[in-house]
Amino acid sequence: MSIFSKNTTSQNNPEQDMQEQPDNFSQSNVPEEIDSEPVEQNLRSEVPVRSSINSKPSILSEGFTFEGTIVSDGVLNISGTVRGKVTAKSILIDSTGQVDGELNTENLVIKGDLKGDVNCDDLNVGPLAHVSGNINYKYIHIQRGGKISGKFNKN
């Protein structure tokens, strides 16, 4: 029965109207077919991916000595001694920190001692820092009192 003829029938037979209404509602309110993707996939795609920017820094404390290779997607704070190769998004060598080796990073802040080869974008040398080696950088800032020696190459 059509929607337009319903008004005329409702006056004639109210019982028939009651039976027809659920059918009309169920037909008009039936949702379109839903994607057959599993719900699990949808939930996985909505979970935010943890960014390295939001992650906590890795810290090598004073009195700690590390020899080898360190790789990090985040920030690395060095207050102890490191001998080897270090790759991280950002590296801070604290005033008690000592690094002897190769550093690859975007941001490097040196407040302690560094000897070795460095590849970085931003280099900040603090007033108590001692830096020597082959240093490749894009931007450099040396504070008064910072001691540098070696070969410095602007990229």
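Higher on the page you've got the structure.
Here goes a summary of the coordinates provided. (Residues numbered from 1 in each chain as written. Predicted model: local features only at pLDDT ≥ 70, side-chain atom pairs only at ≥ 80, totals over all residues. Heavy atoms only, no water.)

## A look at the overall build of the chain
Alright, step 1. Scanning the chain for helices and strands turns up 3 helices and 9 strands.
Alright, step 2. Mapped in sequence order, the helices and strands of the chain form the string α-α-α-β-β-β-β-β-β-β-β-β.
Alright, step 3. The long-range fraction of contacts in the chain, counting pairs at least 24 apart against all pairs at least 6 apart in sequence, stands at 1%. (Helix = DSSP H or I, 4+ residues; strand = E, 2+ residues; numbered from the N terminus. Contact = heavy atoms within 4.5 Å.)

## As for the pairing of strand β5 (residues 98–110)
Alright, step 1. Here strand β4 (residues 81–93) runs beside β5; their pairing, made up of 12 bridges, is parallel. Within β5, the residue paired with Lys 85 across the bridge is Glu 102.
Alright, step 2. As paired strands, β5 and strand β6 (residues 113–125) are joined by 12 bridges and run parallel to one another. The partner of Val 109 across the bridge, within β6, is Asn 124. (Pairing = 2+ DSSP bridges.)

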